[in-house]
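Observations on the model geometry
One letter stands for each residue in the lines below.
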Amino acid sequence: MSRIVRVASGQGFWGDWLEAPRRQVEGGPVDYLMLDYLAEVTMSILQKQKERDPAMGYARDFIGAVESVLPAVVERGVRVIANAGGVNPPACAAAVRAVAAKAGAADRVKIGVITGDDLLPRLDALIAGGHALANMDTGEPLSAVRDRVLSANAYIGSVPIVEALKRGANIVVTGRSTDTALTMAPLRYEFGWGDTDWNRLAAGIIAGHIIECGAQCSGGNCLYHWRDVPDLGNVGYPIVEGHEDGTFFVTKHPNTGGWINVPSVSEQLVYEMGDPSSYITPDVVADFSSIRLEPAGENRVRVFGIEGRAPTDKLKVSIAYRDGYKAVGSLVYAWPDALDKARLADRVLRQRLDRLGLRFDQILTEFVGADATHGRLAGDAGRDAPEVQLRVGVRGHDRAMVERFTREIVPLVLNGPPSVTGFAAGRPKVEEIVAYWPALVDKTVVQTAVEIL
Amino acid sequence: MRVRLLDIAHARSGDKGDTANVGVIALRPEWYPVLAAHLTRDRVADHFRGVITGGVERFELPNLRALNFLLHGALDGGGTQSLKTDAQGKVYSTALLRLVLDVPDAEARAAGLPPA
C-alpha cells in the first residue's frame, strides 16, 4: 500500500465554525491542517483595517485557531497552511509567534511567511509600464477607477508554499494564495511532484476545490436527500487522503456527523464552476470533465483519473475599489393581505423618496416570503402568506441621499399601511460599497518571497 | 410526460461576478441522459426569462452526471454592489429545479422517471 498524506480542511471562509480546526486535529490522524480565509472582497476589508492600524490587515480568527491546535503542531508534528495573512502576512506571523511564545512553544514553531502577491504599492508603476489591468468582465482599463482602488492582489500558486515546507516551516502564512494551492502544495511537497506533472498537480487542485469550503462537501448545505444527512450538529469537516499517483480519497473523522458520498462531493465539485474543462490556476489548468468518483466505503469517496495541462502565462489579480454607498431597510407585514400591504408600503415609500428629490443608481424592492429569492418563478405562493417582509435597498454615489433614505423606513410604521411590525433594529445602516475588479497580469511581474521566522 | 426537475436532480449554485452558476446533478445515473437530452440551453434561458438580464451557457459533465449552467446578469451587479437578498446566487439552484420537463412517454417510462 502506498504512502498516504492527510490534508484536513478546518475553515472554509473567514467566519466559519471556530470549533472546526481543533476538531480536525483531535479527531484522528492528520498531517496537514488547511485553513482558507479569503473571499473576493475580504482583501479590501483587511486593507481598510490595515489603513487604520498598520499591525492589522490579516484574519484575526486564525490566531485563535492556531492557539487551539498548537499542541498538535508542537507535539504531533501537524503542519498548518493558511491564507490568513490577508494584506499583511508579516503582522499575522508576528501574532502567531506571540501566541506560540505565550504557550512556551516559541522554539518549536517555524513560521513560513509568503509575500509578493500585494500589487497595491506597485500599481502606478505597473500601469505606467503598460499593464492595463483591464476588467476581465468589461474590458475597461484600471485607470478608470485608479483613484478609488483599495487593494490589489495577484492570486499566487503552490510554489512558495512548497518552498516554505522544504525549509521546515510548520505554520505557513500566505496572502492571496489560491484556495486550492493550500491543499495541493503539501501533496506536491510530500510526493515530490514535478513542475510539469500536470495530471498530478491537477489532482491536487481538485482535492483542494473539494475541501476548500469546509463542510460544504461533507453534508453542509447539501441538497441531496437533505433530511437524511445525519447529525449536522456534530458535522465532520473533510479530509483528503492523497496518494503519490494523484489518486485521493475524501473522508472525515469517525464519530462525526454529516456525510461524504458521491452526491455530496459532486455538489461541491460544481460549486462556483465556470467552463469545467478549463479550471485555470497559477500552477496548472485542471479538467473537471476528467474526474472520476466512486464510493469507497462509509463516508469515503475515491477520486481518480484527473487530467491537467500547462497553465497560462498570466495570473489573476483581485482588485477592490470604492464604488458608492448602499442601505437596505425592511418591515414585516402580517396576514391578512400581507403582500398587498407590503406592496402599498413600497409605493408610498417611493412616492416620498421621489418628492424629496432623492436620486439613486438603483432602488430594489423585494417581498421576502413571496418573491425575494426566486422572483416571478415563485408564482403566487405569497398571496396568502402569514407575513411578508418588505425589503427595500438603494445604491448611489451621494452618501447624503442614501443617508436620507434610511430615515424614511421607520415612519411607515405609523403613517403607512396597517399590520406592520419588525422594525426593532431601527434605522438601516449606510454601507460603503467596495466593488470587485478582476484582472490579469503577466506572471513575470509577480515575484513571491518566502521568509522563515 | 411532465417531469419535475426537482424529482430527478439535485443542484448547487454559486457566483462569479454578476454571473450565477448552477450545477445540476442527476439523482440516478440512468436519469443523466434525460437531463442531457431535454435540459437544453434554450429551455433554461426560457425558464429564467425576466429573472436574469444576460445569456445562458451550458456545459456537459457526463463523468459527474451533471450539467453546468452559467446565468449571466443574474445577480443585480453581483458581489457587494448587489442589493439582492441572494447577492451570491446561493439559491438559484432551487430556482432552476422549479423547471418542469416534457419527456416523451416511452423515454420517460424506459428511464423510470417519476411523473409530476
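1. Describing the overall build of chain A
Looking only at helices and strands, one finds 12 helices and 19 strands in chain A. Against the globule reference of 22 Å for 453 residues, chain A gives a C-alpha radius of gyration of 24 Å, in line with a compact fold. A principal-axis box enclosing the C-alpha atoms of chain A has dimensions of 70 × 55 × 45 Å. Within chain A, the proportion of its 453 residues that are buried is 55%. Contacts in chain A between residues at least 24 apart in sequence constitute 77% of all its contacts with a sequence separation of at least 6. Roughly 18,500 Å² of accessible area belongs to chain A as shown, and the carbon and sulfur atoms make up 50% of that amount. Charge-centre separation for chain A: the mean point of 49 positive side chains lies 4 Å from the mean point of 56 negative side chains.

2. What to know about the interface of chain B and chain A
Residue-level contacts link 36 residues of chain B with 48 residues of chain A. Taken together, the two surfaces of chain B and chain A that pack against each other cover about 3,600 Å², and 56% of this comes from carbon and sulfur. Ranking the residues of chain B by area buried against chain A places R12, T80 and L83 of chain B at the top, with a combined share of 24%. Our enumeration of links across chain B and chain A arrives at one salt bridge. A salt bridge links E267 of chain A to R12 of chain B, with the nearest nitrogen and oxygen atoms 3.1 Å apart. Remark: the boundary between chain B and chain A carries 29 residue pairs in polar contact (both at pLDDT 80 or more). Of all the elements in the fold, those that place two or more residues in the side of chain B that touches chain A are β2 (9-16), β3 (19-26), α3 (41-47), β4 (56-61), β5 (66-71) and α4 (92-97) of chain B. If you tally residues by element for the side of chain B that touches chain A, the top one is β2 of chain B, at seven residues. Here the side of chain B that touches chain A is composed, by residue class, of 14 nonpolar, 13 polar and nine charged.

3. Considerations on the pattern of salt bridges
Residues and elements named next belong to chain A. In total, this model carries 32 salt bridges over all chains according to the counting rule given. A salt bridge links D195 to R188, with the shortest nitrogen-to-oxygen separation between them at 2.9 Å. A relative accessible area of 57% places D195 in the exposed class.

4. Details of helix α11 (residues 399-406) of chain A
Residues and elements named next belong to chain A. Considered for burial, the residues of α11 that qualify are V402, F405 and T406. One side of α11 holds all its buried residues, which, seen down the axis, span an arc of 105°. Tucked inside the fold, the buried residues of α11 contact β14 (314-334), α10 (338-355) and β16 (387-396). At the N-terminal boundary of α11, the capping side chain belongs to D398, with an oxygen 3.0 Å from the backbone nitrogen of A400.

5. Observations concerning the sheet that holds strand β2 (residues 32-35) of chain A
Residue and element names in this part refer to chain A. Pairing in this open sheet of 10 strands is mixed, and the strands run β11-β12-β8-β7-β1-β2-β3-β6-β4-β19 from one edge to the other. Each of the sheet's edge strands pairs with one partner strand only, and the pair in question is β11 (292-295) and β19 (449-452). Going across the sheet, the axis of each strand differs from the next one's by a mean of 20°, ignoring polarity. Relative to strand β7 (residues 239-242), strand β1 (residues 5-11) runs antiparallel, the two sharing four bridges. Residue pairing across strands places V5 opposite G242, the latter belonging to β7. Along the sheet face, helix α4 (residues 89-102) touches β4 (111-115) and β6 (171-173) and points at about 165° away from the line of β4.

6. So, the packing of aromatic side chains
All names here are of chain A. Within the structure shown, the criterion is met by eight aromatic pairs over all chains. Judged by centre distance (5.9 Å) and plane angle (75°), the rings of Y37 and F62 are edge-to-face. Highlighted residues: Y37 in the loop between β2 and α2 (42-52) and F62 in helix α3 (residues 61-76), separated in sequence by 25 residues. Using a relative accessible area of 0% as the deciding quantity, one classes F62 as buried. Ring centres of Y279 and F288 lie 4.9 Å apart, and the angle between their planes is 40°; this geometry places the pair in the tilted category. On the basis of relative accessible area, F288 is assigned to the buried category, the value being 2%. Cation over ring: R300 sits above F249, and NZ or CZ is 4.6 Å from the ring centre. The ring of F304 carries R302 above its face, with NZ or CZ at 4.2 Å from the centroid.

7. Section: the side chain of D283 of chain A
Residue and element names in this part refer to chain A. With respect to the helices, strands and loops of the structure, D283 is situated in the loop between β9 (279-280) and β10 (285-287). A polar contact is formed between the side chain of D283 and the backbone nitrogen of S158, at a distance of 2.9 Å. Residue contacts for D283: discarding those within four places in its chain leaves G157, S158, V159, A181, M184, R188, W198, L201 and P311.

8. Description of the sheet that holds strand β13 (residues 307-309) of chain A
All names here are of chain A. Pairing is antiparallel across the open sheet formed by three strands, whose spatial order is β9-β10-β13. Looking at strand neighbours, the two that pair on one side only are β9 and β13, the edges of this open sheet. The strands touched by helix α8 (residues 198-211) within the sheet are β9, β10 and β13, with β13 carrying the most contacts at an inclination of about 110°.

What counts, and at which threshold
- Residues numbered from 1 in each chain as written.
- Chains lettered and ligands numbered in written order.
- Predicted model: local features only at pLDDT ≥ 70, side-chain atom pairs only at ≥ 80, totals over all residues.
- Heavy atoms only, no water.
- Helix = DSSP H or I, 4+ residues; strand = E, 2+ residues; numbered from the N terminus.
- Rg over C-alpha atoms; globule rule 2.2 N^0.38 Å.
- Buried < 20%, exposed > 50% of the residue type's maximum accessible area, 1.4 Å probe, protein only.
- Contact = heavy atoms within 4.5 Å.
- Areas by Shrake-Rupley, 256 points an atom, 1.4 Å probe, with all protein chains shown as cover.
- Lys, Arg positive; Asp, Glu negative; His and termini not counted.
- Charge placed at Lys NZ, Arg CZ, Asp CG, Glu CD.
- Buried area = accessible area lost by both parts, 1.4 Å probe.
- Salt bridge = Lys/Arg side-chain N within 4 Å of Asp/Glu carboxyl O.
- Polar contact = N/O pair within 3.5 Å; in protein donor to acceptor, adjacent residues only side chain to side chain.
- Nonpolar A, V, L, I, M, F, W, Y, C, P; charged D, E, K, R; others polar.
- Arc of directions from axis to C-beta.
- Pairing = 2+ DSSP bridges.
- Axes fitted to C-alpha atoms, helices over the stretch in contact; angles between N-to-C directions.
- Phe/Tyr/Trp six-rings, centres within 6.5 Å; stacked < 30°, edge-to-face > 60°.
- Lys NZ or Arg CZ within 6 Å of the ring centre and 35° of its normal.

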